[in-house]
Each structure stands twice: as structure tokens, then as C-alpha cells.
Amino acid sequence: MSRIKSPEEIREECIAQMGENLGELYDDLRNQLTWIHLKWNDYESLFADTPEVINLLNKVAPAFFHNTQRMMIEDVVLHICRITDNVTVAGNETLTVKRFSRNITDRKLKNEVDTLVENAIEKCKFARVRRNRRLAHREMPLVGGRRTEPLPETTRQKIREALTALDSVLNRISQHYLNSTTAFSVSMGSVGGVDALLSTLWEWNERSEEFQP
């Protein structure tokens, strides 16, 4: 049975196989993408049109979970934008997939990764428009007496496609250097995570129904 590597061991392996600059960049972005997926999996566990769960949340605290739903999806949108930003923003160096191009020396791989990054940027375009016009800034509702152009929809399908495109960027690099890929979308769960919350809420619901007249 293979032993699970520690984060430090994974980082050391990345650096050993990719070189210091690319290895550290890859590992940092791998961690960021993993974190986005964890947040998105929590969101889908709570709000992905499972009628029983939605009814439970509405029964327990509808206003709170309405706000939580909005905050969670906005956080994911902002995180997607951060790791697809330009390499320099407001004079600051940023951690972004656009930085891969200048750190890959293998020309064939560089071209492949550049293409995958371009596709990911396109898939994330809806998130950037929402961030720029609604989240990071708030545009005026009227321009010259006319309504501004409607915001693109932020759907679960668009977010899934954006994350899949980002997965492809990092997995192409790890496939080349580490001969392995990562199933970023697979949630390992955690003690005290969303499953624990739902379990507690279901238990509360069952007990409350026992005392219904």
C-alpha cells in the first residue's frame, strides 16, 4: 500500500522534477485550485438542487443560508479570477496560470500549456466580467439614461467548465514532469465539514418532527 505524501514531500518532488521556479509555481497553483474545488464541492453539497437539502436549509434558517449561498458562489468566482489574472496587477506580481508560460523551457510543452491556459481564460471570462462589474467594483446602474449591458449568467455549469479547464492546465504539466494527474474535483471530505453540518441539521429536523402535534 502506497503511503500518502505530506505537502512538504509533494512540493519537494515538484521542485526536483520541474526545477525550482516551475516546481514552486506549480505547487502553489495546485494548492489554490484544490482549495477552489473544496469550496465548490461544499457549495454543491448544500445548494445543487437537491430538494430535500434545500427544504431542510429553508426550514432551519432561510435568510442565513440565502446569504451563505450568495457569499460562497461569489467567493468561488473571485478565486477563479485571482488565479487567471495577469502576471502583474496594480504593480504587484500575482500567482496566476498565465505565469506558467515564462517558466516552461520545453517548447512543445510550453505551446500546449499556452493553448490550455488560453482556453481556461476564455472559460473563466464570465467570472471576470462579474468580478469587474459587480464584485470588486460596482458599476453605475444607468449610463446616459440607458441600462448597462446585462451581466453574463453565473451558472453551475459555467463554473464546472471553468474548473475543468484549469484542471487541464495543471494536469498537463504534472503529466509531463511527474507522470501523474490529480482528480481535483474529487472531494475527500473532512472532519467538521459540510457533511457534519448536514448530519447535525438532519438530526435536529428528525427530533423537531417528533414533537410536532
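Report follows, based on the coordinates. In this convention, every chain numbers its residues from 1, walking through the sequence in written order. With pLDDT at 70 or above as the cut-off, local features in this predicted model cover only qualifying residues; side-chain atom pairs require 80 or more to be listed or tallied, and sums for whole chains, interfaces and linings still use all residues. Each side-chain value is derived from all of the structure's non-hydrogen atoms; neither hydrogens nor water enter the calculation.

With respect to the nonpolar core
One broad trend across soluble globular proteins is that nonpolar side chains are buried collectively.
Part 1 of the argument: Buried Ala, Val, Leu, Ile, Met, Phe, Trp, Tyr and Cys residues form a nonpolar core when they are joined through side-chain atoms within 4.5 Å. The buried label goes to any residue with under 20% of its type's maximum accessible area, the exposed label to any with over 50%, and the partly exposed label to all in between, with areas taken from a 1.4 Å probe on protein chains only. Grouped together as the largest cluster of nonpolar side chains are 47 residues, with contacts concentrated most on I80, F100 and L170.
Part 2 of the argument: For this core, the secondary structure elements donating two or more residues are α1 (7-18), α2 (20-47), α3 (51-60), α4 (62-82), α5 (107-123), α6 (125-135), α7 (156-178) and α8 (194-210).
Part 3 of the argument: Any pair of residues with heavy atoms lying within 4.5 Å of one another is described as a contacting pair. If we ignore the near neighbours within four places in the chain, the residues touching L170 are Y26, L29, R30, L33, V97, F100 and F184. For helices the rule is a DSSP run of H or I covering at least 4 residues; for strands it is a run of E covering at least 2, with both sets numbered from the N terminus onward.

Focus: the packing of aromatic side chains
Part 1 of the argument: Stacked, tilted and edge-to-face are the three classes applied to pairs of Phe, Tyr and Trp rings, where Trp contributes its six-membered ring and a pair requires centres within 6.5 Å; stacked means planes under 30 degrees apart, edge-to-face means over 60, and tilted covers the rest. Using the criterion set out here, one finds three aromatic pairs in the structure.
Part 2 of the argument: An angle of 10 degrees between the planes, with centres 4.9 Å apart, marks the rings of W40 and Y43 as stacked. Pair noted here: W40 and Y43 are both in helix α2, with a separation of three residues, about one helical turn. Like Y43, W40 is buried.

Things to note about α2
Part 1 of the argument: Here a helix's expected span is defined as the number of its residues, less one, multiplied by 1.5 Å. For α2, which comprises 28 residues, the first-to-last C-alpha distance of 40 Å matches the rise-based estimate of 40 Å (1.5 Å per residue) to within 8%.
Part 2 of the argument: One or two steps after α2, the chain reaches D49, where phi turns positive at roughly 55 degrees.

Here's the deal with unusual backbone geometry
Part 1 of the argument: In the Ramachandran plot, A90 falls in the positive-phi region, its phi being about 55 degrees despite a non-glycine side chain.
Part 2 of the argument: Within the fold, A90 resides in the loop between β1 (88-89) and β2 (92-93).

Side note on the packing of α1 against α7
Part 1 of the argument: Between α1 and α7, the shortest axis-to-axis distance is 10 Å and the interhelical angle comes to 70 degrees. Of the possible angle classes, the one that applies to α1 and α7 is roughly perpendicular. Along the contact surface, α1 presents E13, C14, Q17 and M18, while α7 presents I173, S174, Y177 and L178.
Part 2 of the argument: Looking at the contact of α1 with α7, its residues break down into five nonpolar, two polar and one charged. Interaxial angles span 0 to 180 degrees and are taken between N-to-C directions of axes, which are lines fitted to C-alpha atoms, for helices over the stretch in contact. These descriptions rest on fixed angle ranges, namely under 35 degrees for roughly parallel, over 145 for roughly antiparallel, 65 to 115 for roughly perpendicular, and the rest for oblique. Here the nonpolar group is Ala, Val, Leu, Ile, Met, Phe, Trp, Tyr, Cys and Pro; Asp, Glu, Lys and Arg are the charged ones; every other residue, Gly included, is treated as polar.

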